[in-house]
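These are the residues of each chain, in order.
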Amino acid sequence: MRVKAGVVLALCIALLPGLAAAQQTGTIVGKVLDTGGLVLPGVTVEAKSNVLPTPRVTTTGGAGEFRMPALPPGTYTVEFTLSGMATVTRQVEVQLGQDTNVDVRLAVQGVSETVEVTASITPVIEKDSTALKSGVSSETIASLPVGQEYRDLIKLIPGVMYTQDGTRGPSAGGSGQDNVYKFDGVNVTLPFYGTLSAEPASHDIAQITTIKGGSKAVDFDRSGGFSVDSVSKSGTDSFRGQLSWQFQNNSMAADLVSGSASRYEQDRSWLTANVGGPVVPSKLYFYASYYRPERTRDNRSNLYGELPDYESVRNEGFGKLTYTPTSSILLNATWRQSHRLDKSDLFGQAATATTGTGYETWQKIGTADGSWVINSRSFASFKYTYYENPNKGRPDYDSDAVPSLTPGTRLDVAGLDTLGQFSVPVPVAGQDAFNAFIQPLIDRYGYDSNGVKTGGGVVGYGTLYDNDDFFRDAFQVSYNLTLGSSMRHDLHAGFQWYKDSEDLERSSNGWGSISAPGGRLPTVGLPGQPAYYLATYLARKSGAVNKIHSEFESFNFEVNDTIAWNNLAINVGFLFSKDDMYGQGLKEDSSTISGYVAAPGNKYLMYSVPYSKMIQPRIGATWAYDGQNTIYGSYAVYTPAANSLPRAASWDRNILGAQVEAFFDSAGAFYGSRFTESSSGKLFVADMTPRTVNEFLAGTSRQINRSLSGRAYFRYREGSHFWEDTNNTARVAFAPPATIGPDDTPIPREPYIPDLSAKLAQIGSGSTYVIAELDGAYTRFYEVSLESEWRTQKTYVRGSYTYSRYWGNFDQDNSTAANDANVFIGSSFIADGAGRQLWNFRDGTLRGDRPHMLKLYGYYQVPWQASVGAYFIAQSGQPWETWSYEPYIALTTSTSDTSRYAEEAGSRRTPTHYQLDLNYTQNFKFHNRYGFQVAVDLFNVFDKQTGYNYQPSVHSSLFGQPRTYMDPRRIQIAARFQF
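Residues numbered from 1 in each chain as written. Predicted model: local features only at pLDDT ≥ 70, side-chain atom pairs only at ≥ 80, totals over all residues. Heavy atoms only, no water.

Describing the sheet that holds strand 44 (residues 769-773)
Pairing is mixed across the open sheet formed by three strands, whose spatial order is 38-44-41. The open sheet terminates on both sides in strands that have one partner only, identified here as strand 38 (683-684) and strand 41 (723-727). As paired elements, strand 38 and strand 44 share two bridges and run parallel to each other. Across the sheet, residue leucine 683 finds its bridge partner in strand 44, namely valine 770. (Pairing = 2+ DSSP bridges. Helix = DSSP H or I, 4+ residues; strand = E, 2+ residues; numbered from the N terminus.)

Written out as structure tokens, the structure reads:
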């Protein structure tokens, strides 16, 4: 993989003059007129910035227009000069992925040159774009009460719900797994799951930009929700740096209303250091940083006594080079690497100190990109990115036991706490023989309760080694060309390739989980030989492979033309995509009925979605009716790429990590075993249409005055063609209605794959579940949003109010029992058996619905070298409904309530939540170059620990009670030395 990456990168650099916007840049555009309103061609426009080693120069065209693409985001001084005219200078802020408009008028030169410098106030209005973009600079981030991770910045997106989920993202017209997260241009969305499990820090971010609708066919946007990107800080033409330490101890947080332990019963600290400057003045800049967050918690004691303290330590380093060999070429290279180790986590109330588990994770993020401004009308760019996220869950202690299923194998019943994890049995009334057998085990392994040894505890070691590694390689090139003058065509063409992959390997620690059924458990297949000890562990069958490798490979082409004529801009673009999914365990063979033969360990093409099924138009129009303020509308189609099926439907799930049950007699002697497979490979229904999102958008933007701007818009999205694993006979066996969904889609009374049994028999294994496009599956979303920004030299305020509704019958945010997790997309509880089909009360309000949402944040720089920042959110509660198996007892013998709706989806709602966060930052300057800063963040000022994630199971003793609460009031204090 690394060899291929190096070859691709070398090829990109070699082809740079012929390749083509993939970089983390913005654009300055505008028009130059004289004081009488006549256009001025031939004006020299020069842009300078401390983040751009070499200034960029261009000249205005025949219509007085100019365009300076591929500029690193930051503050720029733009100078306009023309012989015989007074020079004008403007100061502007270039935002990532956006056009900054700078229109100027030049007067005839007088006796002396006139210089005009304006404030750094950037209008948010783009005259040729319908995209719903929002950007935040590092200055704003530093002045607001936000956390230390990239995830903490998501709450700043206007009109997007506030969430505390640690894995799943917020819903914004799609599910929390529909968003795309980029860090420095690298897609860090977890492959196959669509979540932000990666944890890059936010301290290196210079700007962050979000698009949640109205996208052009530029930069390969296939997001079913929103897409967020950032650009990292760069070195400048002077040496600058910062050393920061921030802390929060357990006395700095309010008591929890839930009474349960949380991360706020920890002592936490964050150490940050960065430095940047010139390597070669006006040519090459560097930037480097180090980040070390630490968490410790006193685990106190439990029924077995003292427990080791919890500890989590992460070390993260980052480096960046910015190089301009000429004024028209810009090259960037970055590398980020981190390692986190968690120890002594997850102890039960009745578990020994040795049963603790930990977690170890690595993260590597790399990018190399470049742009070449060929002339005033064309530029090309390329980008290569690499993402690696290995994860290892492991016990704190390793067992030396090596399971064996050969005759003569014995369990050391006097040392069960060294063989794996032993569950101490509990006496059963009336079972004298059983109670007599287990009493010595209780005496040896039980916990002390008032001087009496008691069963029911857990001793030994953690049970599982879980290695789950994710990778992504991506490469893209693009070329932009501007044609015409009075009618201008901004043409864009691009190609992108990427490959997502996962390597999964699981094994047990020693004998895994050990129990003592004491002769009360009959042995399957061995009648008359009841088991006294049972060991359950993961093992390989004969001939099986050691890991599952899954791949998702995507090819994307895009073309886009933005046509500008007078004050009208029309956008016409198309994105063409092709996705290939690869599983493991079969081999393609066209001579067989299934098209496959069994081949453990072999990579096979599981399913391919062709270009013809993923043509995504992007059509829009923007009218600047008075030359500045706009009315716009657009239509777009997205086919989201996130998909878990390469792993979830892989055939080697039949044999990798198969669970073994080993049976032992009363003396611990082995006498029998069996494999119990929990997952099987699945076949796909042929010729399915991929999941599709259609979007309609209409809005208006207005620059009300120099400081205040606003926009209002309506956005509508509808999702369809959802894939999911389901029983092959679901449409026959589970009493479906004649039609389903808003379009009354007919439900055929037939299996999805009529000859499935014959195909599985030919392969020799497989599941009776299939991957199918569920009939009539849909989602609908609309929003009406009002947004405004107020900017002055010392003040920044952004506000938004959104009224929205989100409904349907396919709720990816509510597809399992614990939804804040990396849940399979395409293989969940949805459509799994009786009571979980789309016609079982699932049509209603979806979990991500938040009808009312008010969001305000901003800061004010006070006269005594300090700033005060605030963030306020108020939003509707979370929908939920009751779950029960009882309405379905005629169709199933299962007594599980999980995901079996007993009333219309979203019939109930948790309380409304509101929250105010504050920041105060005090600056101290000395010797002109050095500074010291103290910052205090106060989160959840009113301590609104609103409950959500209610228990929906009617047969649970906790039914109707919150399982999760908003975080309590807490304080974080930071000290920073700057130079």
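Examining the sheet that holds strand 23 (residues 421-423)
Here we have six strands laid out as an open sheet, ordered 26-23-29-30-36-37, and mixed in their pairing. Looking at strand neighbours, the two that pair on one side only are strand 26 (458-460) and strand 37 (670-676), the edges of this open sheet. With direction set aside, neighbouring strand axes in the sheet form an average angle of 25°. Pairing of strand 23 with strand 26 involves three bridges; the strand directions are antiparallel. From the neighbouring strand, serine 423 faces strand 26, where its bridge partner is valine 458. (Axes fitted to C-alpha atoms, helices over the stretch in contact; angles between N-to-C directions.)

Observations concerning the side chain of glutamine 616
Following the sequence through the fold, glutamine 616 ends up in strand 34 (residues 615-624). Within polar-contact distance, the side chain of glutamine 616 engages the side chain of serine 577 at 3.0 Å. Beyond its immediate stretch of four places on either side in the chain, glutamine 616 contacts Arg222, Gly573, Phe574, Leu575, Ser577, Val637, Tyr638 and Thr639. (Polar contact = N/O pair within 3.5 Å; in protein donor to acceptor, adjacent residues only side chain to side chain. Contact = heavy atoms within 4.5 Å.)

A few points about the nonpolar core
In this structure, Tyr150, Val188 and Phe684 are the most contacted members of the largest nonpolar core, which totals 75 residues. Broken down by element, the residue count for this core peaks at five residues, all from strand 33 (residues 596-609). Listed in part, the 23 residues of the second largest apolar core include Phe437, Ile438, Tyr445 and Ala539. (Core = buried A, V, L, I, M, F, W, Y, C linked by side-chain atoms within 4.5 Å. Buried < 20%, exposed > 50% of the residue type's maximum accessible area, 1.4 Å probe, protein only.)

Remarks on a nonpolar patch on the surface
Together, Met487, Val559, Trp565, Leu568, Ile570, Val572, Phe574, Ile615, Ile619, Trp623, Tyr625 and Ile631 make up a nonpolar patch on the protein surface, roughly 990 Å² of accessible area in all. For the nonpolar patch, the element with the highest residue contribution is strand 32 (residues 568-588), accounting for four residues. Structurally, the position occupied by methionine 487 is in strand 28 (residues 487-508). (Patch = residues over 30% accessible without salt bridge, like charges linked within 9 Å, V, L, I, M, F, W, Y side chains within 5 Å. Areas by Shrake-Rupley, 256 points an atom, 1.4 Å probe, with all protein chains shown as cover. Salt bridge = Lys/Arg side-chain N within 4 Å of Asp/Glu carboxyl O.)

What to know about the pattern of salt bridges
Using the criterion set out here, one finds 40 salt bridges in the structure. Between aspartate 580 and lysine 578 there is a salt bridge, with the nearest N and O atoms lying 2.7 Å from each other. For aspartate 580, a relative accessible area of 4% corresponds to the buried category. One network of salt bridges, in which partners are shared, links Glu149, Asp204, Arg314, Glu316 and Arg336.

Some words on unusual backbone geometry
A positive phi angle, near 65°, is found at phenylalanine 841, a position not held by glycine. Tracing the chain through its elements places phenylalanine 841 in the loop between strand 46 (795-808) and strand 47 (844-845). The exposure class of phenylalanine 841 is partly exposed, given its relative accessible area of 41%. Of note, asparagine 940 is a non-glycine position whose phi angle comes to about 55°, a positive value. Position of asparagine 940 relative to the elements: it lies in the loop between strand 53 (930-939) and strand 54 (947-950). With relative accessibility at 0%, the residue asparagine 940 sits in the buried group.

Overview of the packing of aromatic side chains
With the rule as written, the count across this model stands at 43 aromatic pairs. Of the aromatic side chains, those joined through ring pairs into one cluster are Trp511, Tyr537, Phe664 and Phe670. The lysine or arginine in question, arginine 336, covers the ring of phenylalanine 318, its NZ or CZ lying 4.1 Å from the ring centre. Residue placement shows arginine 717 over the ring face of tyrosine 638; its charged tip is 4.7 Å from the ring centre. (Phe/Tyr/Trp six-rings, centres within 6.5 Å; stacked < 30°, edge-to-face > 60°. Lys NZ or Arg CZ within 6 Å of the ring centre and 35° of its normal.)

Brief notes about a negative patch on the surface
Taken together, the side chains of Asp298, Glu306, Asp309 and Glu311 define an acidic patch exposed on the protein surface. Inspection of the secondary structure assignment puts aspartate 298 in the loop between strand 16 (284-297) and strand 17 (301-302). In this structure aspartate 298 comes out as partly exposed when scored by relative accessible area, which is 48%. (Lys, Arg positive; Asp, Glu negative; His and termini not counted. Charge placed at Lys NZ, Arg CZ, Asp CG, Glu CD.)

What about the confidence of the model for the chain?
Considering every residue of the chain, the mean pLDDT works out to 91; 94% of them sit at 70 or more. Under a pLDDT of 50 for its full length, residues 1-21 has, in the predicted model, 41 contacts with residues more than four places off or in other chains. (pLDDT = per-residue confidence, 0-100.)

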